[in-house]
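# Observations on chain architecture
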Amino acid sequence: MRSLKTETLNVFFDESGKRKDKPNLMGALSIPNNLYASPVFELLSQKMRDGLLRLHWTEYTGYEKLKQDISEVVRILSSYHQMIKFFVI
């Protein structure tokens, strides 16, 4: 009998809008715990907790700081794309 190794995942979920606001979008991001606990992700998380990095996509109007924040996160996530899953409904 072969044993299966399980990986602990961190799952993040967010939805846009309320019942009356259209369109309604739902997104989920899963990151393996060993990656989420890495120095790169620890720094990213700390920046978000400290308010130094914001990710309010629906508020994006071209504001340069928010553009830089979103670009930084996309760059980091895309460099680990083999380990991360992202879904939007």
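Within each chain, residues carry numbers counting from 1 in the order of the written sequence. Where totals are concerned, whole chains, interfaces and linings use all residues; where local detail is concerned, this predicted model gives features only for residues with pLDDT of at least 70, and gives and counts side-chain atom pairs only at 80 or more. Calculated side-chain values reflect all of the structure's heavy atoms, with hydrogen atoms and water omitted.

## Side note on the overall build of the protein chain
In terms of helices and strands, the protein chain carries three helices and three strands. The buried share among the 89 residues of the protein chain stands at 22%. Pairs at least 24 apart in sequence give 44% of the contacts found in the protein chain among residues at least 6 apart. Carbon and sulfur atoms make up 59% of the accessible area of the protein chain, which totals about 7,400 Å². Only DSSP runs of H or I covering at least 4 residues are called helices, and only runs of E covering at least 2 are called strands; the numbering of each starts at the N terminus. Here the term buried applies to any residue with accessible area under 20% of the maximum for its type, exposed to any over 50%, and partly exposed to those in between, with areas from a 1.4 Å probe on protein chains only. In this description, contact between two residues means that some pair of their heavy atoms is separated by no more than 4.5 Å. Only the protein chains shown count as covering a residue, and every accessible area follows the Shrake-Rupley method with a 1.4 Å probe.

## Notes on the pattern of salt bridges
Basic side-chain nitrogens of Lys or Arg form a salt bridge, by our definition, when they fall within 4 Å of a carboxyl oxygen of Asp or Glu. If you walk through the whole model with that rule in mind, you get two salt bridges. Between Lys47 and Glu72 there is a salt bridge; the shortest N-O distance is 3.0 Å. Here the residue Lys47 occupies a position in helix H2 (residues 39-49), and Glu72 occupies one in helix H3 (residues 64-79), the gap between them amounting to 25 residues. According to the relative accessible area criterion, Lys47 is partly exposed, its value standing at 24%. The closest approach of N and O atoms between Lys65 and Asp69, which form a salt bridge, is 2.5 Å. Residue Lys65 and its partner Asp69 are located together in helix H3, separated by four residues, close to a single helical turn.

## Focus: the sheet that holds strand S3 (residues 85-88)
Spatially, three strands are ordered S1-S2-S3 in an open sheet, and the strand pairing comes out antiparallel. The sheet terminates laterally at strand S1 (9-15) and S3, the two strands that pair on one side only. Strand after strand, the sheet turns through a mean of 10° between neighbouring axes, direction not considered. As paired strands, S1 and strand S2 (residues 26-32) are joined by seven bridges and run antiparallel to one another. Paired with Glu15 across the strands is Met26, a residue of S2. In this scheme, strands are said to pair when DSSP sees at least two bridges between them. Whenever a helix is involved, its axis is fitted only over the stretch in contact; in every case the axis is a line through C-alpha atoms, and angles between N-to-C directions fall within 0 to 180 degrees.

## A look at the nonpolar core
Nonpolar cores were defined as sets of buried Ala, Val, Leu, Ile, Met, Phe, Trp, Tyr and Cys residues, with membership established by side-chain atoms within 4.5 Å. Formed by Leu29, Ile31, Leu35, Phe41, Leu44, Leu53, Val73, Ile76 and Ile84, the largest nonpolar core amounts to nine residues. Elements with a contribution of two residues or more to this core: S2, H2 and H3. Dropping the residues within four chain positions of it, Leu29 is found in contact with Asn10, Val11, Phe12, Leu77, Ile84, Lys85 and Phe86.

Don't take any of this as a statement about function, it's just geometry.
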